[in-house]
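Each chain is listed here by its residues.
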Amino acid sequence: MNLKRFLIFTAMFLSTLLLACANKAEEQIKLIPIATDDRGDQASDIFIRVNLLGFRKSDQKTATILTKRDMGQKKFVVKDVKSGSVVFSGTVPPSIGGWGNFNFCHIIDFSGFNNEGSFVIECEGARSLVFRVGDAVYNSIVDSLLLFFKVQRCGPTNPFLHKICHLYDSPTVVGDESVGQVDVTGGWHDAGDYTKFLNTTAFSTYMLLLTYDFDPKRMEFDRNKDGAPDLLEEARVGLDLLLRMNYKPNKLIIQVQDRRDQTVGWRMPEDDTLKFNRPAYAGMGKNLIGIYCATLAMGSRIWRDRFKDTEFANKLLAAANNIFTLRKTAPDLDKNPVGLYQDSKYEGKLALGALEMYLATKNNSYLDEAIDLAKKADSDYWWSWGDINALAHYRVAKYSNDVRQLLENNLISFNENRRSKPFGEATAYSWGTTHTFLGVAMQAIFFKDLTKSNIYDSLAFNQRDFVLGKNPWGVSFVYNIGSKSTRYFHSQVAYFRNGYLPGAVAAGPAPAEILKDYNIPRTNFMYDQFNSPEVKYYDDRQDYITNEPTIVSNATAIFVFSHFYK
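The following refers to the structure shown. Quantities reported herein were computed from a predicted structural model and do not represent experimental measurements.

About the criteria used
Residues numbered from 1 in each chain as written. Predicted model: local features only at pLDDT ≥ 70, side-chain atom pairs only at ≥ 80, totals over all residues. Heavy atoms only, no water. 1 Å grid on protein atoms, 1.4 Å probe; cavity = no way out; pocket = protein on both sides within 12 Å on 5 of 7 lines; lining within 4 Å. Points joined across faces, edges and corners; volume = space filled by probe spheres on them. Nonpolar A, V, L, I, M, F, W, Y, C, P; charged D, E, K, R; others polar. Phe/Tyr/Trp six-rings, centres within 6.5 Å; stacked < 30°, edge-to-face > 60°. Helix = DSSP H or I, 4+ residues; strand = E, 2+ residues; numbered from the N terminus. Buried < 20%, exposed > 50% of the residue type's maximum accessible area, 1.4 Å probe, protein only. Lys NZ or Arg CZ within 6 Å of the ring centre and 35° of its normal. Salt bridge = Lys/Arg side-chain N within 4 Å of Asp/Glu carboxyl O.

**Description of empty space enclosed by the protein**
In the structure shown here, the tally under the stated rule is 4 cavities of 30 Å³ or more. Class assignment for the residues of the lining of the largest cavity results in 6 nonpolar, 2 polar and 1 charged.

**Some thoughts on the packing of aromatic side chains**
Scanning all chains against the criterion turns up 47 aromatic pairs. Ring centres of phenylalanine 47 and phenylalanine 102 lie 5.7 Å apart, and the angle between their planes is 90°; on these two criteria the pair is classed as edge-to-face. Of this pair, phenylalanine 47 sits in strand 1 (residues 46-50) while phenylalanine 102 sits in the loop between strand 5 (86-91) and strand 6 (104-109), and the two are 55 residues apart along the sequence. Look at phenylalanine 47 and you get buried, because its relative accessible area is 3%. The exposure class assigned to phenylalanine 102 is buried, which follows from its relative accessible area of 2%. Ring centres of phenylalanine 149 and tryptophan 188 lie 4.9 Å apart, and the angle between their planes is 65°; this geometry places the pair in the edge-to-face category. A residue pair is termed long-range when its members are at least 10 positions apart, and phenylalanine 149 in helix 2 (residues 139-152) and tryptophan 188 in the loop between strand 10 (173-174) and strand 11 (196-197) qualify at 39 residues. Note on accessibility: phenylalanine 149 and tryptophan 188 belong to one class, buried. Aromatic ring contacts, followed pair by pair, group Trp99, Phe423, Tyr429, Phe437, Phe466, Trp473, Phe477, Tyr527 and Tyr537 into a single cluster. Positioned above the aromatic ring of phenylalanine 530, the side-chain terminus of arginine 49 is 4.5 Å from the ring centre. Above the plane of the ring of phenylalanine 564 lies arginine 464, whose end atom (NZ or CZ) is 4.7 Å from the centre.

**Some words on the pattern of salt bridges**
Taken as a whole and assessed by the stated rule, the structure comprises 36 salt bridges. In this structure, the salt-bridge partner of aspartate 169 is arginine 278, at a minimum N-O distance of 2.7 Å. Highlighted residues: aspartate 169 in the loop between helix 2 and strand 10 and arginine 278 in the loop between strand 12 (252-256) and strand 13 (280-283), separated in sequence by 109 residues. Both residues of the pair, aspartate 169 and arginine 278, count as buried. Across the pair glutamate 369 and arginine 327 runs a salt bridge, and its minimum N-O distance is 2.7 Å. Here glutamate 369, found in helix 8 (residues 364-377), pairs with arginine 327, found in the loop between helix 6 (310-324) and helix 7 (347-361); they are 42 residues apart in sequence, far enough to count as distant. With respect to burial, glutamate 369 and arginine 327 carry one shared label: buried.

That's the geometry; what it means functionally is another story.
Structure, rendered in structure tokens:
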């Protein structure tokens with residue numbers, strides 16, 4: 001036998017031997033009765049839900065065991081992924097209720113564990129997905145969340161994942177047709193479509209500015225080395241559009257494009273067949289005056305102090321002054337003929353506007369007005385783009401103890417709710433659940449800043465953990481954050497990028513009562529076994545209720561997760 005034939009024969013023999021060994025090993029594995037999580041091929045009635053990004057060492061650390069059989073008094077362990085060794089163990093407490101088809105939900109606490117590394121939780125053969133512990137685990141998430149804003153950029157703003165788009169905004173102004181064409185290019189697309197709104201642009205810009213203002217030293221990071229903190233660089237995109245929306249004295253554009261945007265099919269923004277037909281809409285209301293002026297006034301302070309840019313700071317403040325003078329005669333609420341992002345009240349937003357005008361001008365009458373409006377706004381026990389009374393209460397509370405109590409009223413209610421919920425949910429599910437839960441966490445952070453008390457820390461941790469995987473579906477609702485995350489966002493850019501949408505935050509689970517009123521042609525039901533009759537989540541690109549990301553959710557997320565940034 002020559003050398004060549006010998007080598008071929010040897011290779012074939014080894015290949016056959018390895019295949020036989022592999023088949024034998026596979027047969028042996030199949031004989032072992034193990035329970036796996038929902039990644040596995042075998043059915044399990046035990047699922048361990050945990051924050052899939054992880055925890056800082058000092059955080060409260062909890063997980064929920066979702067199961068069809070009582071696990072009370074069973075043992076659970078935390079294992080180091082690298083070594084396989086048990087690093088923490090405990091006893092499963094009694095169930096606090098059920099969820100959907102699962103009769104038992106057990107909340108386990110391993111807060112006493114603070115080793116750094118990557119870990120899993122095991123109980124009765126079931127195993128969680130991997131999570132990490134370390135003080136820097138949250139550092140990457142803020143960068144990712146900011147990248148989402150670059151994807152949403154519109155106009156000549158150096159967008160990410162798509163080309164420059166919508167350079168003709170807008171050819172007409174509905175409600176003020178005589179003015180002709182106006183320049184309202186730039187800003188961000190609001191969500192998975194290509195419309196733009198003053199209400200959500202102002203809110204999102206304000207949240208970016210507030211995140212910086214809350215802790216400037218921590219938020220000075222400048223990843224692209226262009227001399228400006230990344231947060232403020234992104235906020236400038238919003239500020240520039242807001243200035244353009246004040247298209248003439250005493251007038252505001254409140255929306256660009258209408259519902260036709262949702263009728264022409266999936267396309268990249270640069271290929272929008274409606275790019276020459278995107279009307280602007282004029283409008284005014286005390287609600288819009290409040291959030292608009294709050295944003296420009298805070299922007300003027302930051303640009304004056306941080307950048308020493310007196311010219312831009314003066315431009316922002318002049319626009320804020322111009323619009324704020326209209327608050328006495330403007331209607332309470334804007335009347336958007338398209339019916340999108342309509343507020344139901346104005347007091348909280350106008351209180352915020354008055355407070356920021358006071359901080360920018362030191363006019364004491366604005367402070368008096370802010371306190372009065374904040375009290376009238378009262379506790380709203382909620383958080384959304386339209387329900388931001390808590391934000392006004394936080395900003396005004398530094399000047400009024402009565403107003404601080406209005407903020408705590410929310411937190412008392414949220415805290416009581418989450419104690420009886422298997423996944424720590426602080427309030428009801430809604431259209432935009434993740435945004436609301438993140439808003440609850442933010443309110444807890446506000447209160448801690450005001451009082452230096454950690455009484456509501458666990459409330460904040462529970463909402464944060466829910467969004468990142470400690471939920472019935474065991475999924476992180478932030479793209480590519482954690483070992484399993486939402487993949488099929490309702491986003492046109494993501495659709496043409498094979499699902500890639502960095503930093504996107506899914507709207508999250510919604511009540512079945514809401515979902516039943518919309519005929520959504522879903523095709524992905526991978527999480528259906530964890531849906532309950534009352535609440536459902538679908539990771540489906542057609543589902544604009546549970547799976548659409550928005551700039552408002554993302555902006556609130558940036559504030560919350562920056563709090564955990566090292």
